[in-house]
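# Close look at the chain arrangement
Next come the chains, spelled out residue by residue.
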Amino acid sequence: SQYIGMGKEFYEQIPICKEVYDLASEVTGLDIPALCFEENEKINITEYTQICMLATEAAIYMALEQNGYQPDVTAGLSLGEYGALIASGVMTAEEAFELVRKRGIFMQEAVPAGGAMAAVLGLDAAAIEQICRETAEQTGSEVSIANYNCPGQIVISGQEEAVHLAGETCKASGAKRVVPLKVSGPFHSKMLQGAGEKLKEELKKVEISDSFVPYIANVTADYVTKKEEVKPLLASQVSSSVRWQQTIERLLADGADEFVEIGPGRTLSGFVKKVNRDVKVSSIDKMEDFIQFIGSHVEAGAC
């Protein structure tokens with residue numbers, strides 16, 4: 001979802017957004033505005049992508065908060081879970097920036113040779129789970145589900161040969177398409193457990209708030225309401241399946257009636273619509289989205 005220029009209008013036009021980007025730069029020692037706004041190759045390397053995405057999400061969220069918006073519950077996909085943690089008050093933006101900078105480095109360093117990911121379209125999740133298990137047993141290699149994105153779209157991750165073989169089996173079993181992903185590693189697979197162990201050590205330095213808005217964890221697709229649950233879930237998240245579809249289904253079942261995607265791109269809005277096309281979804285990526293969102297809520301008497 002990252003792109004050159006993401007968040008630039010917010011940085012230039014809203015003082016609190018500039019403060020957030022500047023804080024991210026101060027905490028990480030990187031020039032975050034330059035990485036986000038100026039042409040460069042680093043933005044597509046995970047150790048830089050992650051902190052740039054999070055800074056942009058946090059900046060836009062802080063602008064919303066300044067205008068009186070507060071979530072009832074938060075959630076985010078993979079890296080986006082850290083944006084959700086900031087919005088829920090689990091940790092400060094400063095702590096999240098420091099943690100995600102390390103997370104990006106650990107994940108980049110942990111990337112082994114021969115890892116791959118692929119999106120499987122149009123095949124039942126249970127069938128893909130079984131194919132991954134059987135392929136892993138037959139080959140002695142790692143392949144498993146990385147992301148349950150939405151109905152009809154599941155991402156598998158692991159060793160290249162096993163991912164390819166599982167993908168071919170998925171196609172033979174009725175998948176409409178299997179699309180290799182341009183990624184720098186087999187994220188959300190057991191091959192990233194080393195990164196999770198390093199992250200676990202960094203998490204020891206973070207102070208988790210005593211009270212926060214409930215958020216839903218990627219690993220369990222369940223609410224986190226107790227501070228002692230936060231760190232173990234974040235440590236295991238980098239090598240576990242992201243249960244995004246189940247997260248949205250849980251929120252809908254509990255009565256969530258408005259979803260607001262904050263940050264670059266509109267991918268998550270699309271996933272939510274695939275789960276339930278009738279639910280209200282807004283995406284705030286650019287300044288015009290922000291203005292339209294606030295305007296529509298003022299008209300509706302929500303703010």
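Check the entry above for the structure.
Residues numbered from 1 in each chain as written. Predicted model: local features only at pLDDT ≥ 70, side-chain atom pairs only at ≥ 80, totals over all residues. Heavy atoms only, no water.

Residues spaced three or four apart along an α-helix face the same direction, because each turn holds 3.6 residues. The end-to-end C-alpha distance of helix α7 (residues 125-139) is 21 Å, a good match for the 21 Å that 15 residues give at a rise of 1.5 Å each. Among the residues of α7, those classed as buried are Ile128, Ile131, Cys132 and Thr135. Take α7 and look down its axis: the buried residues cluster within an arc of 100°, on one side only. Against β1 (115-121), β2 (143-150), β3 (153-159) and α8 (160-172) lie the buried residues of α7. N-capping of α7 is provided by aspartate 124, with a side-chain oxygen placed 3.1 Å from the backbone N of alanine 126. Positive phi shows up at glycine 140, right after α7, with a value of about 70°. (Helix = DSSP H or I, 4+ residues; strand = E, 2+ residues; numbered from the N terminus. Expected span 1.5 Å × (residues − 1). Buried < 20%, exposed > 50% of the residue type's maximum accessible area, 1.4 Å probe, protein only. Arc of directions from axis to C-beta. Contact = heavy atoms within 4.5 Å. Polar contact = N/O pair within 3.5 Å; in protein donor to acceptor, adjacent residues only side chain to side chain.)

What you see with strand β7 (residues 258-262) is a clean split: Phe259 and Glu261 sit on the buried side and Glu258, Val260 and Ile262 on the side with no burial. The sheet contact formed by β7 and strand β8 (residues 280-284) spans five bridges and is parallel. Across the sheet, residue valine 260 finds its bridge partner in β8, namely serine 282. Taken together, β7, helix α12 (residues 267-275) and β8 form a β-α-β motif whose crossover is right-handed. (Pairing = 2+ DSSP bridges. Right-handed = clockwise from strand over helix to strand, strands pointing away.)

The subject of this paragraph is the side chain of threonine 135. Position of threonine 135 relative to the elements: it lies in helix α7. Beyond its immediate sequence surroundings of up to four residues, threonine 135 is in contact with Gly140, Val143, Ala162, Leu165 and Ala166.

Right, let's talk about the environment of isoleucine 45 for a bit. Looking at the secondary structure, you find isoleucine 45 in the loop between α3 (32-37) and α4 (46-66). On the accessibility criterion, isoleucine 45 (34% relative accessible area) is partly exposed. In sequence terms isoleucine 45 and glutamine 108 are 63 residues apart; their C-alpha atoms lie 8.1 Å from each other.

Right, let's talk about the side chain of serine 239 for a bit. Structurally, the position occupied by serine 239 is in the loop between α10 (227-237) and α11 (244-253). With sequence-adjacent residues up to four places away left out, serine 239 is seen in contact with His188, Ser189, Lys190, Leu192 and Gln193.

Burial analysis of β2 places seven of its eight residues in the buried class, which makes it a mostly covered element. Across six bridges, β2 lies against β3 in antiparallel orientation. Following the sheet pairing, isoleucine 145 is matched in β3 by isoleucine 156. Counting the residues between successive antiparallel strands, the hairpin from β2 to β3 contains two residues, one of them, glycine 152, with a positive phi of roughly 85°.

We now examine the pattern of salt bridges. Taken as a whole, this structure holds 13 salt bridges when the rule is applied. Of the charged contacts in the structure, one is a salt bridge between glutamate 47 and arginine 101, with a shortest N-O distance of 2.9 Å. One end of the pair, glutamate 47, is in helix α4; the other, arginine 101, is in helix α6 (residues 93-110), with 54 residues separating them in the sequence. Each member of the pair, glutamate 47 as well as arginine 101, carries the same accessibility label: buried. The residue aspartate 289 makes a salt bridge to arginine 266 at a minimum N-O spacing of 3.1 Å. Here aspartate 289 is found in helix α13 (residues 287-299), whereas its partner arginine 266 is found in the loop between β7 and α12, with 23 residues between them in sequence. Since its relative accessible area comes to 47%, arginine 266 is described here as partly exposed. Here the salt bridges share partners, and the residues they tie into one network are Lys102, Glu202 and Lys205. (Salt bridge = Lys/Arg side-chain N within 4 Å of Asp/Glu carboxyl O.)

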